[in-house]
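# Commentary on secondary and tertiary structure
Here is what each chain is made of, one letter per residue.
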Amino acid sequence: MSESEPAEPAADSDPLEVAVEPAPETAPPPAAPAASVLRHRWPARVTHWANALLLLGMIGSGLQIYGAFPRFGLRGAPPLGPNPFDGYRFPVAVRLGGWLAGGLDWHFALAWPFVVTGLFYLGFLIVSGEWKSLLFRPSDLPKAWAMQLYYLRLKKEHPPQGKHNALQKAAYSFIFVLGVLSTATGFAIYKPVQLAWLTALFGGYERARYWHFLAVWLFVGFTLLHVVLVFVVDPASLRAMITGCYRGRFPSHD
Amino acid sequence: MTEDLKIGRLSRRDLLRLGLAGGAASLLSACGWKGGKLGRSAFAAAADLNDWVGERLWLSSSRLAPTYELAERTPEGSFPAYFRSRTVPVLADPAAWALEIGGLVARPMRLTLDQIQALPLITYTVKHHCVEGWTAIGTWTGVPLSAVADLVEPLPAARFLRLDSFDVGYSNGFDLASAMHPQTILAYAYNDRPLTPQHGAPLRLYCPIKLGYKMTKYLTRIDWTAERHGGYWEDRGYPWFGGI
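Residues numbered from 1 in each chain as written. Chains lettered and ligands numbered in written order. Predicted model: local features only at pLDDT ≥ 70, side-chain atom pairs only at ≥ 80, totals over all residues.

### Looking at the overall build of chain A
A tally of helices and strands in chain A yields 10 helices and 2 strands. When the elements of chain A are put in sequence order from the N terminus, they spell out α-α-β-α-α-α-α-α-α-α-α-β. Sequence-distant contacts, at least 24 apart, represent 61% of the contacts inside chain A between residues at least 6 apart. (Helix = DSSP H or I, 4+ residues; strand = E, 2+ residues; numbered from the N terminus. Contact = placed C-beta atoms within 7 Å.)

### With respect to the interface of chain A and chain B
Listed per partner, the contact involves 33 residues of chain A and 45 residues of chain B. The leading source of residues in the side of chain A that touches chain B is helix α4 (residues 100-128) of chain A, at 7 residues.

### Examining the pairing of strand β5 (residues 160-165) of chain B
All names here are of chain B. Direction of pairing for β5 relative to strand β6 (residues 171-175): antiparallel, over a ladder of 5 bridges. Paired with Leu163 across the bridge in β6 is Asn172. The antiparallel hairpin formed by β5 and β6 contains 5 residues in its connecting segment, where Gly169 sits at a positive phi of about 75°. Where β5 and strand β10 (residues 219-225) come together, 6 bridges link them in antiparallel fashion. Counterpart to Arg162 in the pairing with β10 is Asp223. (Pairing = 2+ DSSP bridges.)

### Structural notes on the environment of B:Arg236
Residues and elements named next belong to chain B. Note on placement: Arg236 falls in the segment after β10. Taking the C-beta count within 10 Å as the criterion, Arg236 has 10 such neighbours and is therefore assigned exposed. Considering only alpha carbons, one finds Arg236 and Ala189, 47 residues apart in sequence, at a separation of 30 Å. (Buried ≥ 20, exposed ≤ 12 C-beta atoms within 10 Å, placed from the backbone.)

### Quick notes on the confidence of the model for chain B
All names here are of chain B. For chain B, per-residue confidence averages 89 on the pLDDT scale, and 84% of positions sit at 70 or higher. For the stretch residues 1-11, pLDDT sits under 50, and the model shows 7 contacts to residues farther than four places along the chain or on other chains. Among the scores for the predicted complex, ipTM is 0.83 and pTM is 0.84. (pLDDT = per-residue confidence, 0-100.)

### Examining the environment of A:Asp86
Residue and element names in this part refer to chain A. By the secondary structure assignment, Asp86 is in the loop between α3 (42-66) and α4. Look at Asp86 and you get exposed, because 10 C-beta atoms sit within 10 Å. With 12 residues separating them along the chain, Asp86 and Gly98 place their C-alpha atoms 20 Å apart. Leave out the neighbours within four places in its chain, and Asp86 touches Pro70, Arg71 and Pro79.

This is how it looks when you write it as structure tokens:
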């Protein structure tokens, strides 16, 4: 259709190159019109909030369980590794279950939904192709560095990005791997005889328990940073994760 | 500049919302909320599911618990031992003690310690896993429970075991597959010496594929049963299966 009414004589014979105006790469964020777009589909949103609640419950009950033996290493052996919480009982406000058996009840009851949610999310990422905008690749390293410089205010311009910037990709890839590792270390200390190979993979029961506990603090650190960055960098993304609609300054597709 | 201002305005309102939500959640857990009646039955269902998965999917009747070198044993003073009685349970007359074996078996019997020690023994150095999360390595010697089963000949209707003790009402229910596991023994020695009262003298169950609270100490009776018996900690909310 457009070929029938050329407004001006094309310099090149290829119609595609005429149609595509080179986008100005210098300053897209402030000028972006606030049109609402679908940023997160329902499987991403449902698994996100389900995971937030499940993790809260898993960590609360986990800290309850930890209190029954707040140390690492075999009885009578020196501590396995550095642990700022050696011998510490967490305050009741962050514990879930009331006593060891209650904590175990919560932990084992929430573990299956946690695994199912993770598998469902993974399936969604694969089927929808969303993994492509989330997976951190080696080629993202220089972009992540540029992003870090921007956050440290050593660089003025916001580096160009797709749906997620390279640091986000790193964080969201990392957190998925952490979910897998916390599940694997969990099974390793749940069935150290029947799954002895898995327990051995993490260096034995005591070490697997140590890694399982370390995962808690990585989850907590991630969540704190994640929530702070939502409000500081892109508050519109909170609505996008609830309703799916996004009216913010970043592109919603790669 | 204007954009920064906008972000600042949004963040205060949203941070307030976040604070309210977080406060409500921590209040719920601080009050020891256990999920209500519906939550408790959901727990029971989840616990039953985990017992079933533990028994039917995880448990291998032949896979052995890893064994350790003697040099790896936990110093005896560091190996915890516990009981429910106010003081260490000891027999008034050790010579009068005998293990009663009955329930759904063809040949109920009463075995003295001498008779038990005359049976073929096994010994192994394994890791003890407590439900609390601690572990300790020790050597245990005794008679495989499966060898005792051969003597008493359980009936086909027997699907569980019940183990009783003279430690104020301490008992355990046990699944048949774990009871017949080659490493499940009636132990009378710890670290190459007769059991001390702290470790369950004169006879205790040892089973390295279970958590410690499943291993009945101070044994008095073993019954093969058709019904699933709970147990001291199991009746108070700890997992029934307790397999690792």
